[in-house]
Amino acid sequence: MKKVITYGTFDLFHYGHLRILERARALGDYLVVAVSTDEFNAIKGKKCVYPYQHRARIVEAIKYVDEVIPEHDWEQKGQDIVSHKIDILVMGNDWKGKFDEFKKLCEVIYLERTPDISSTEIKTNVKNQH
Ligand code: C2G
């Protein structure tokens, strides 16, 4: 069984998130998604609209996702890859090159980001419409 993992905040779940999960799952047989906790988002400097529990449950409900785990920090990826016996780490190409250190543990694939959509843009659009 080929296991894939990907990481993210997945706030205001949108089409770009759906597409990366769909493509990540298509690379293997089982997809683990590590969703950033609220505390880790504070470290990443990201202010979320939805709390971790909501973001995690929405991701868990996506048919391409087999398992959700919390992402607490930058350092856990190596342990996750080993403990979950991951074969492929997938990230959007806005992260291109940033996780190449894990090539010693598994395949690392960066997929094209979906253009013109992001949680930040959604927030801005909603604000501008009111
Ligand atoms: N993404 C995408 N297309 C978009 C927006 C996001 O393909 N239009 C991808 C990102 O490249 C990322 C995933 O969706 O792979 C999740 O994006 P975010 O929720 O913004 O996550 P991020 O803040 O990039 O956190 O340790 C890694 C971090 O947790 C990644």
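As shown above, the structure is provided for reference.
Small disclaimer: the values here were computed from a predicted structure and weren't measured.

*Asks:* I'd love a proper account of the sheet that holds strand β2 (residues 30–36), names of residues and values included.
*Replies:* With parallel pairing, 5 strands are arranged side by side in an open sheet as β3-β2-β1-β4-β5. Whereas interior strands pair on both sides, the edge strands pair on one side only; in this sheet they are β3 (67–71) and β5 (107–111). Between one strand and the next, the sheet's axes are offset by a mean angle of 25°, whatever the strand orientation. Pairing analysis gives 3 bridges linking strand β1 (residues 3–8) to strand β4 (residues 88–92), with the strands arranged parallel. Counted as the bridge partner of V4 is I88 from β4. Lying over the sheet, helix α1 (residues 15–26) contacts β1, β2, β4 and β5, oriented at roughly 145° with respect to β2. Sheet contacts for helix α3 (residues 52–60): β2 and β3; angle to β2, the most-contacted strand, approximately 165°.

*Asks:* Just give me the short version of the pairing of β2, but keep the residues and values in it.
*Replies:* Counting buried residues in β2 gives 7 out of 7 residues, a clear majority hidden from the surface. Residue alternation in β2 divides its side chains into two sets, Y30, V32, A34 and S36 and L31, V33 and V35, and both sets are buried. As defined by bridge partners, β1 adjoins β2 across 6 bridges and the pair is classed as parallel. Across the sheet, G8 pairs through a bridge with V35, a residue of β2. In this fold, the crossover linking β1 to β2 by way of α1 has right-handed handedness. Bridge count for β2 against β3 is 5 bridges, and the pairing is parallel. The partner of V33 across the bridge, within β3, is V68.

Reading the values: the criteria
Residues numbered from 1 in each chain as written. Predicted model: local features only at pLDDT ≥ 70, side-chain atom pairs only at ≥ 80, totals over all residues. Heavy atoms only, no water. Pairing = 2+ DSSP bridges. Helix = DSSP H or I, 4+ residues; strand = E, 2+ residues; numbered from the N terminus. Axes fitted to C-alpha atoms, helices over the stretch in contact; angles between N-to-C directions. Contact = heavy atoms within 4.5 Å. Buried < 20%, exposed > 50% of the residue type's maximum accessible area, 1.4 Å probe, protein only. Right-handed = clockwise from strand over helix to strand, strands pointing away.

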